[in-house]
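Read off the chains here:
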Amino acid sequence: MAFAITQTCCNDATCVSVCPVNCIHPTPEERAFGSTEMLHIDPKTCIDCGACADACPVDAVFPVDRLADGQREYAQINAAYFEHVETESSEAVETPAQQPGDSSPIFHAWSEPVFDRVLPSDFGPLRVAIVGTGPAGMYAAKDLLLHTRAEVTLIDRLPVAGGLVRYGVAPDHPATRNVSESFARFHTHPRVRRYLGLDVGADLTAEELAAHHDAVIYAVGAATDRRLGIPGEDRPGSVSATTFVAWYNAHPEVAPDAVDLSAERVVVVGNGNVALDVARILVSDPQTLAGTEIAGHALAELRRSKVREVVLLGRRGPQHAAYTRSELLALKHLSGVDLLIDDHDPRIGTAIDAASSTDKAAVLRGVEREAVDWSLSPGAAGERRRIVLRFLSAPVAVCGGEETRAVRVTGGPGELEIPAGLVLRAVGYRGVPQAGLPFDEATGTVPHERGRVTGRPGTYVVGWIKRGPSGGIGANRACAAETVGSLLADAVAGTLPTPTGGPKAFRRLARRRRR
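Overview of the structure. (Residues numbered from 1 in each chain as written. Predicted model: local features only at pLDDT ≥ 70, side-chain atom pairs only at ≥ 80, totals over all residues. Heavy atoms only, no water.)

**Regarding the overall build of the protein**
Condition: The secondary structure listing takes helices from DSSP runs of H or I that are at least 4 residues long and strands from runs of E that are at least 2 residues long, numbered from the N terminus. The globule rule used for comparison is 2.2 Å times the number of residues to the exponent 0.38, while the radius of gyration itself is calculated over C-alpha atoms. The cut-offs for exposure are 20% and 50% of the maximum accessible area for each residue type, with area from a 1.4 Å probe on protein chains only; residues under the lower value are buried, those over the upper are exposed, and the others partly exposed. By the convention used here, residues are in contact when the closest approach between their heavy atoms is within 4.5 Å.
The number of helices and strands found in the protein is 17 helices and 23 strands. Here the C-alpha atoms of the protein give a radius of gyration of 24 Å, agreeing with the 24 Å that 2.2 N^0.38 yields for 515 residues. Considering only C-alpha atoms, the protein reaches an extent of 75 × 65 × 40 Å along its principal axes. The buried share of the protein, reckoned over its 515 residues, is 53%. A sequence separation of at least 24 residues applies to 74% of the contacts in the protein between residues at least 6 apart.

**Structural notes on the state of the cysteines**
Put plainly, two cysteines are in a disulfide when a covalent bond ties their sulfur atoms together. Stated precisely, the cut-off is as follows: Our working definition of a disulfide is a cysteine sulfur pair at a distance within 2.5 Å.
Within the structure shown, the criterion is met by 0 disulfides. Counting only cysteine sulfurs, Cys10 is the nearest neighbor of Cys56, a cysteine outside any disulfide, at a range of 5.9 Å. We classify Cys56 as buried; its relative accessible area is 13%. Looking at Cys479, it has no disulfide partner, and the nearest cysteine sulfur is the one in Cys10, 15 Å off.

**Observations concerning empty space enclosed by the protein**
Basically, it comes down to this: In this analysis, the protein atoms alone were mapped onto a 1 Å grid. Cavities are point sets where a 1.4 Å probe fits without being able to get out; pockets are open sets with protein on both sides within 12 Å along at least five of seven lines; lining residues have an atom within 4 Å of a point. Grid points are joined across faces, edges and corners, and a volume is the space filled by probe spheres set on the points. By the convention adopted, Pro, Cys, Tyr, Trp, Phe, Met, Ile, Leu, Val and Ala count as nonpolar, Lys, Arg, Asp and Glu as charged, and the other residues, Gly among them, as polar.
All told, the structure shown has 2 cavities of 30 Å³ or more when counted by the stated rule. There is about 70 Å³ of room inside the largest cavity. In terms of lining residues, the largest cavity is bounded by 13 residues, among which Cys9, Cys10, Asn11, Cys15 and Cys56 are the most central. Grouping the constituent residues of the lining of the largest cavity by class yields 10 nonpolar, 2 polar and 1 charged. Approximately 60 Å³ is the volume attributed to the second largest cavity. What lines the second largest cavity is Phe3, Cys19, Pro20, Val21, Cys23, Cys46, Ile47, Asp48, Cys49, Gly50, Ala51 and Cys52. Looking at the lining of the second largest cavity residue by residue, the class counts come to 10 nonpolar, 1 polar and 1 charged.

**With respect to the environment of Val484**
Tracing the backbone shows Val484 in helix 16 (residues 475-493). A C-alpha to C-alpha distance of 8.1 Å links Val484 and Gly451, two positions 33 residues apart in sequence. If we skip the residues at most four places from it in the chain, Val484 touches Arg117, Ala140, Asp143 and Leu144.

**Side note on the sheet that holds strand 15 (residues 385-390)**
We apply this condition: A pair of strands is treated as paired once DSSP finds two or more bridges between them. Only the stretch in contact is used when a helix axis is fitted, and all axes are lines through C-alpha atoms; the angle between N-to-C directions ranges over 0 to 180 degrees.
With parallel pairing, the 7 strands of this open sheet are ordered in space as 10-19-11-12-15-13-14. Two strands lie at the open edges of the sheet, namely strand 10 (238-240) and strand 14 (368-370), each paired on one side alone. Adjacent strand axes in the sheet meet at a mean angle of 25° when their direction is disregarded. As judged from the 5 bridges shared by strand 11 (residues 265-269) and strand 12 (residues 309-313), these two strands associate in the parallel manner. Paired with Val268 across the two strands is Leu312, which belongs to strand 12. Strand contacts of helix 9 (residues 241-248): strand 10 and strand 19 (422-425), with the helix running at about 75° to strand 10, the strand carrying the most contacts.

**Describing the sheet that holds strand 17 (residues 404-409)**
In a beta sheet, neighbouring strands pair by backbone hydrogen bonds and run either parallel or antiparallel. Strand order in the open sheet formed by 3 strands is 16-17-18, with antiparallel pairing between adjacent strands. Each end of this open sheet is capped by a strand with a single partner; those strands are strand 16 (395-400) and strand 18 (416-419). Direction aside, the axes of adjacent strands within the sheet are offset by 30° on average. Of the strand pairs in this sheet, strand 16 and strand 17 are connected by 5 bridges, and their pairing is antiparallel. Across the sheet, the residue bridging to Pro395 is Val409, located in strand 17.

**Considerations on a positive patch on the surface**
To keep things clear, this is the line we draw: Patch building starts from residues that exceed 30% relative accessible area and form no salt bridge, then joins like charges within 9 Å and nonpolar side chains (Val, Leu, Ile, Met, Phe, Trp, Tyr) within 5 Å. Values of accessible area rely on a 1.4 Å probe in the Shrake-Rupley scheme; residue burial ignores everything except the protein chains shown. Each salt bridge in this description consists of a side-chain nitrogen of Lys or Arg and a carboxyl oxygen of Asp or Glu lying within 4 Å of one another. Under the counting rule used here, the positive set is Lys and Arg, the negative set is Asp and Glu, and His together with the chain ends is not counted. Positions of charges follow a simple convention, taking NZ of Lys, CZ of Arg, CG of Asp or CD of Glu.
Taken together, the side chains of Arg193, Lys504, Arg508, Arg511, Arg512 and Arg514 define a basic patch exposed on the protein surface. For the positive patch, the element with the most residues is helix 17 (residues 503-513), which contributes 4 residues. For Lys504, the location among the structural elements is in helix 17. Overall, Lys504 belongs to the exposed group, its relative accessible area being 58%.

**Comments concerning the packing of helix 4 (residues 135-147) against helix 7 (residues 179-187)**
Cut-off, in case you're wondering: Here is the rule for angles: anything less than 35 degrees is roughly parallel, anything more than 145 is roughly antiparallel, 65 through 115 is roughly perpendicular, and the remaining ranges are oblique. Two helices crossing with the near one rotated counterclockwise from the far one by less than a right angle form a left-handed crossing, whereas a clockwise rotation gives a right-handed crossing.
Remark: helix 4 packs on helix 7, axes separated minimally by 10 Å, with the N-to-C direction vectors making an angle of 50°. When the axis of helix 4 is compared with that of helix 7, the two are oblique. Here helix 4 runs over helix 7; the crossing is left-handed. On helix 7, the residues that touch Pro135, Met138, Tyr139, Lys142, Leu145 and Leu146 of helix 4 are Val179, Phe183, Arg185, Phe186 and His187. Along the lines of polarity and charge, the residues of the contact of helix 4 with helix 7 split into 8 nonpolar, 1 polar and 2 charged.

Treat this as a map of the structure, not an account of what it does.
Written out as structure tokens, the structure reads:
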């Protein structure tokens, strides 16, 4: 019986590297890698060895015959990916060298091995500082520690390590958080020094940090949200999704009373995975969240919550929604919650009915469609909570006086107001300027060339501050490999600045400055 990859796939391709029969695609060498939502196992080639399941850092791989009720669709999703490759000439499996051999599925024509982390034997250990302990920073640290003799200084402005994994993953996705276990051993590695509660830019300067290390890698992510640019978005009751996510994950910089759930209807602007996370948490049974790592104050507020309905507002149609297919599937299986499509525009139903089996819009087949009467109270729909997907509709203004009363939106014959006491803006994350580094305001990133910060020798970036807020946890693995490769190439070429301070001097400096 073959294995299948399920919802929590992180895309870091650890499973690809251990598969003995090359049955997991797309691989990092294929052009489709990074553009597909998840990896897939070919059921025709899989030999049921379980190596991928053992290696998976987020427990996303299971035998097909052991899939739970809410996961059984992933057997068809994995198989359909390869059927699509065969019928549509997809680039996911690209060359004859990646196809099974004739005599046995075990024998393949593999590409030549690449050893791009080999330094000269007489090369001394580098001292590298990494600012940020989220996935991007830890993939870079892992690369350096496993392939070189580098001494790594981990720095985070927060008192708890983890970054996006700790403060950005929904608490009802514990398997996704398991990736932190694969990083944990590097926090206590003998060549690692860790400083939490140390803010580069506030407690010490970028120049001071660089003066004590051969190189500095910034892995600071995207710390704020994108703006809607509409009237009223800063009105009380209009909250960014970054704040809401940080609130239920006990981020130390977000107050326990930052969110009020006394409204019956909540409008979430956006339809990416974060928007789905937010909607799911708002309507989930608090008892099912009690066993997770959700913040105590958030659980208490959810138990008091009067929210009956969450409206997901997306300006594009269902065929172009930003969420992944796997997260939408999870929403369909949410216990005690109804899923409804606001059928206010005939193009919505047409797109769903015309979608092929591999399109995300096809997941919505069978979901009830109804032209919603927004004048009715959410409680009029019955005792069950519900999520309403409203496509082809954009916010125009957040309405109200001293508090939010409604959201004016486009769609249908003109504009209309959807009554709501809380608006959550989930239209994307955005990087913020870093003290001492150049910054591109248009993209919210630090200008770089393959990870090398423009005009700053010995300074590098990785993760969302490098490439923008795109890609999940696993995408940082390839991103980090590129940056570390640039760093090592510069070291061998002798272009890294010479530090003026040593490790002991930096430890004294950090002790004095750390909060």
